[in-house]
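Working through the structure, step by step
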Amino acid sequence: MLKVVLLLCYILSVQTVEAKTNANSKVRNSLIDAIVLHSIGGPYCENGEVRYSGAPGDANRWRIFFERHKVLGIHYIVDRKGLVVSSIAENAVANHALGWNERSVGIELVNDGDGNDRVTRRQWLALHRLVGRLIKRYSAITVDRVFRHSDIDKRTFKCAGKEIKQKQDPGLSFDYERFVESLR
Ligand SMILES: [Zn+2]
(Lines give C-alpha, C1' and ligand atoms only; values in the text may rest on other atoms or scores of the structure.)
Protein backbone atom coordinates (compact mmCIF):
# COMPACT_ATOMS: atom_id res chain seq x y z
CA MET A 1 0.00 0.00 0.00
CA LEU A 2 2.77 2.41 1.00
CA LYS A 3 4.52 1.71 -2.28
CA VAL A 4 1.37 2.57 -4.21
CA VAL A 5 0.98 5.84 -2.29
CA LEU A 6 4.61 6.73 -2.85
CA LEU A 7 4.37 5.92 -6.54
CA LEU A 8 1.22 8.02 -6.82
CA CYS A 9 2.95 10.91 -5.02
CA TYR A 10 5.84 10.60 -7.42
CA ILE A 11 3.60 10.59 -10.49
CA LEU A 12 1.61 13.55 -9.17
CA SER A 13 4.75 15.49 -8.33
CA VAL A 14 6.24 14.90 -11.79
CA GLN A 15 3.01 16.00 -13.45
CA THR A 16 2.74 19.08 -11.24
CA VAL A 17 6.33 19.98 -11.95
CA GLU A 18 5.95 19.76 -15.69
CA ALA A 19 2.67 21.61 -15.83
CA LYS A 20 3.93 24.45 -13.69
CA THR A 21 7.20 24.87 -15.54
CA ASN A 22 5.41 25.20 -18.84
CA ALA A 23 2.85 27.61 -17.41
CA ASN A 24 5.51 29.85 -15.89
CA SER A 25 7.87 29.93 -18.83
CA LYS A 26 7.31 32.11 -21.83
CA VAL A 27 9.29 32.06 -25.03
CA ARG A 28 11.89 34.80 -25.23
CA ASN A 29 11.51 37.91 -27.35
CA SER A 30 15.10 39.04 -27.04
CA LEU A 31 18.52 37.88 -27.99
CA ILE A 32 20.40 35.78 -25.42
CA ASP A 33 23.55 37.74 -24.65
CA ALA A 34 24.44 36.95 -21.03
CA ILE A 35 24.89 34.25 -18.43
CA VAL A 36 24.12 34.87 -14.77
CA LEU A 37 25.76 32.67 -12.16
CA HIS A 38 24.00 32.07 -8.86
CA SER A 39 24.33 30.04 -5.71
CA ILE A 40 21.29 28.82 -3.87
CA GLY A 41 21.84 29.69 -0.22
CA GLY A 42 21.37 33.45 -0.05
CA PRO A 43 21.42 35.67 3.06
CA TYR A 44 18.52 36.67 5.28
CA CYS A 45 18.15 38.45 8.62
CA GLU A 46 17.14 36.61 11.77
CA ASN A 47 17.22 38.14 15.26
CA GLY A 48 19.55 40.86 14.08
CA GLU A 49 22.04 38.44 12.46
CA VAL A 50 22.75 37.70 8.83
CA ARG A 51 22.26 34.03 8.12
CA TYR A 52 22.51 31.92 5.00
CA SER A 53 19.77 29.53 4.08
CA GLY A 54 22.10 26.71 2.99
CA ALA A 55 21.77 24.37 0.04
CA PRO A 56 21.62 20.72 1.06
CA GLY A 57 20.88 18.06 -1.52
CA ASP A 58 21.62 17.48 -5.16
CA ALA A 59 20.68 19.09 -8.45
CA ASN A 60 17.50 17.05 -8.83
CA ARG A 61 16.27 18.10 -5.40
CA TRP A 62 16.73 21.74 -6.37
CA ARG A 63 15.22 21.28 -9.80
CA ILE A 64 12.03 20.11 -8.11
CA PHE A 65 12.26 23.04 -5.70
CA PHE A 66 12.50 25.57 -8.51
CA GLU A 67 9.85 23.92 -10.63
CA ARG A 68 7.40 24.00 -7.72
CA HIS A 69 8.31 27.56 -6.76
CA LYS A 70 5.56 30.08 -7.53
CA VAL A 71 7.95 32.83 -8.65
CA LEU A 72 11.48 31.63 -9.29
CA GLY A 73 12.83 29.57 -12.16
CA ILE A 74 16.21 28.60 -13.57
CA HIS A 75 17.71 27.07 -16.70
CA TYR A 76 20.48 24.93 -15.19
CA ILE A 77 21.51 23.63 -11.79
CA VAL A 78 25.01 22.31 -11.11
CA ASP A 79 25.48 20.36 -7.90
CA ARG A 80 28.51 19.51 -5.76
CA LYS A 81 29.06 16.20 -7.53
CA GLY A 82 29.15 17.93 -10.91
CA LEU A 83 25.71 16.80 -12.01
CA VAL A 84 24.14 19.31 -14.41
CA VAL A 85 20.37 19.33 -14.60
CA SER A 86 18.30 21.51 -16.91
CA SER A 87 14.97 22.92 -15.84
CA ILE A 88 13.50 25.68 -18.00
CA ALA A 89 14.45 25.44 -21.69
CA GLU A 90 17.04 27.93 -22.93
CA ASN A 91 14.59 29.47 -25.40
CA ALA A 92 12.19 30.31 -22.56
CA VAL A 93 12.44 33.02 -19.91
CA ALA A 94 13.33 31.96 -16.38
CA ASN A 95 12.80 34.30 -13.44
CA HIS A 96 16.24 34.35 -11.81
CA ALA A 97 17.72 37.87 -12.08
CA LEU A 98 15.68 41.06 -11.92
CA GLY A 99 15.91 42.98 -15.20
CA TRP A 100 18.01 40.29 -16.89
CA ASN A 101 15.58 37.44 -17.40
CA GLU A 102 14.70 38.09 -21.03
CA ARG A 103 18.31 38.11 -22.19
CA SER A 104 20.19 35.70 -19.97
CA VAL A 105 20.69 32.05 -19.19
CA GLY A 106 20.59 31.43 -15.43
CA ILE A 107 22.74 28.82 -13.71
CA GLU A 108 22.43 27.88 -10.05
CA LEU A 109 25.31 26.33 -8.18
CA VAL A 110 24.16 24.12 -5.33
CA ASN A 111 26.15 26.02 -2.73
CA ASP A 112 25.44 27.72 0.62
CA GLY A 113 26.62 31.03 -0.83
CA ASP A 114 28.05 32.04 2.55
CA GLY A 115 31.67 32.31 1.44
CA ASN A 116 32.60 29.23 3.49
CA ASP A 117 31.05 26.52 1.38
CA ARG A 118 33.57 25.88 -1.39
CA VAL A 119 32.57 25.02 -4.90
CA THR A 120 33.89 21.50 -5.48
CA ARG A 121 36.31 20.62 -8.26
CA ARG A 122 33.71 18.49 -10.02
CA GLN A 123 31.22 21.31 -9.77
CA TRP A 124 33.72 23.80 -11.14
CA LEU A 125 34.57 21.57 -14.10
CA ALA A 126 30.92 20.88 -14.88
CA LEU A 127 30.12 24.59 -14.75
CA HIS A 128 33.10 25.32 -16.96
CA ARG A 129 31.91 22.84 -19.58
CA LEU A 130 28.37 24.17 -19.47
CA VAL A 131 29.34 27.84 -19.74
CA GLY A 132 31.88 27.01 -22.46
CA ARG A 133 29.17 25.29 -24.49
CA LEU A 134 26.79 28.23 -24.08
CA ILE A 135 29.46 30.70 -25.20
CA LYS A 136 30.04 28.59 -28.32
CA ARG A 137 26.33 28.29 -29.03
CA TYR A 138 25.35 31.97 -28.62
CA SER A 139 27.53 34.43 -30.48
CA ALA A 140 26.31 37.36 -28.35
CA ILE A 141 27.53 35.68 -25.15
CA THR A 142 31.18 36.52 -24.81
CA VAL A 143 33.35 35.74 -21.79
CA ASP A 144 32.74 39.31 -20.61
CA ARG A 145 29.02 38.61 -20.56
CA VAL A 146 29.30 35.97 -17.84
CA PHE A 147 28.10 37.76 -14.71
CA ARG A 148 27.69 36.96 -11.06
CA HIS A 149 24.27 37.71 -9.70
CA SER A 150 26.02 39.99 -7.19
CA ASP A 151 27.41 42.05 -10.12
CA ILE A 152 24.03 42.94 -11.58
CA ASP A 153 21.69 43.25 -8.59
CA LYS A 154 22.74 45.90 -6.08
CA ARG A 155 19.71 45.77 -3.80
CA THR A 156 20.21 45.66 -0.05
CA PHE A 157 18.20 44.77 3.04
CA LYS A 158 18.49 46.04 6.60
CA CYS A 159 19.72 43.81 9.39
CA ALA A 160 20.40 45.23 12.87
CA GLY A 161 20.62 48.69 11.33
CA LYS A 162 23.18 47.66 8.71
CA GLU A 163 22.69 47.62 4.96
CA ILE A 164 23.39 44.08 3.75
CA LYS A 165 23.77 43.17 0.11
CA GLN A 166 20.81 41.03 -0.82
CA LYS A 167 22.36 39.21 -3.75
CA GLN A 168 25.82 38.00 -2.79
CA ASP A 169 25.86 34.93 -4.96
CA PRO A 170 27.69 32.92 -6.10
CA GLY A 171 29.66 34.13 -3.07
CA LEU A 172 33.21 34.91 -2.13
CA SER A 173 34.36 31.28 -2.18
CA PHE A 174 33.71 31.19 -5.92
CA ASP A 175 36.86 32.46 -7.66
CA TYR A 176 35.11 34.40 -10.41
CA GLU A 177 38.22 36.02 -11.88
CA ARG A 178 39.91 32.64 -12.28
CA PHE A 179 36.76 31.16 -13.73
CA VAL A 180 36.41 33.91 -16.35
CA GLU A 181 40.12 33.72 -17.21
CA SER A 182 39.86 29.97 -17.70
CA LEU A 183 37.16 30.53 -20.34
CA ARG A 184 39.32 32.76 -22.51
ZN1 LIG B 1 21.12 34.63 -7.46
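Before going into details, it helps to say that this report is about the structure given with it. Here the structure is a predicted model, which means the values were calculated and not measured.

Re the side chain of S150
Structurally, S150 can be placed in helix α4 (residues 149-152). S150 sits in the buried class, given a relative accessible area of 12%. Setting aside chain neighbours within four positions, we find S150 in contact with K165, K167, Q168 and D169.

Side note on the pattern of salt bridges
Taken as a whole, this structure holds 14 salt bridges when the rule is applied. Residues R103 and D33 are paired through a salt bridge, measuring 2.8 Å at the closest nitrogen-oxygen approach. Here D33 lies in the loop between α1 (2-24) and β1 (34-39) and R103 lies in the loop between β5 (84-86) and β6 (104-109), a separation of 70 residues in the sequence. In this structure, R80 and D117 form a salt bridge, with 2.8 Å as the shortest nitrogen-oxygen distance. Highlighted residues: R80 in the loop between β4 (76-78) and β5 and D117 in the loop between β6 and α3 (121-137), separated in sequence by 37 residues. Classification of R80 as partly exposed rests on a relative accessible area of 24%. Through salt bridges with shared partners, a single ionic network connects D33, R103 and R145.

Focus on unusual backbone geometry
For the peptide bond that leads from D169 to P170, omega is 10 degrees, which places it in the cis range. Within the secondary structure, P170 sits in the loop between β9 (162-165) and α5 (176-183). Its identity is not glycine, yet N47 carries a phi of approximately 50 degrees, on the positive side. Note that N47 resides in the loop between β2 (43-46) and β3 (49-52). Take N47: its relative accessible area is 74%, and that puts it in the exposed class.

A short note on the nonpolar core
In terms of nonpolar packing, the biggest core is built from 25 residues, with I35, L37, I107, L127, V131, F174 and F179 touching the most fellow members. Of all elements in the fold, only β1, β4, β6, α3 and α5 reach the threshold of two or more residues within this core. Ranked by residues supplied to this core, first place goes to α3 with seven residues. A55, I77, V85 and V110 belong to the second-largest nonpolar core, a separate cluster that totals nine residues.

Criteria and cut-off values
Residues numbered from 1 in each chain as written. Predicted model: local features only at pLDDT ≥ 70, side-chain atom pairs only at ≥ 80, totals over all residues. Heavy atoms only, no water. Helix = DSSP H or I, 4+ residues; strand = E, 2+ residues; numbered from the N terminus. Buried < 20%, exposed > 50% of the residue type's maximum accessible area, 1.4 Å probe, protein only. Contact = heavy atoms within 4.5 Å. Salt bridge = Lys/Arg side-chain N within 4 Å of Asp/Glu carboxyl O. Core = buried A, V, L, I, M, F, W, Y, C linked by side-chain atoms within 4.5 Å.

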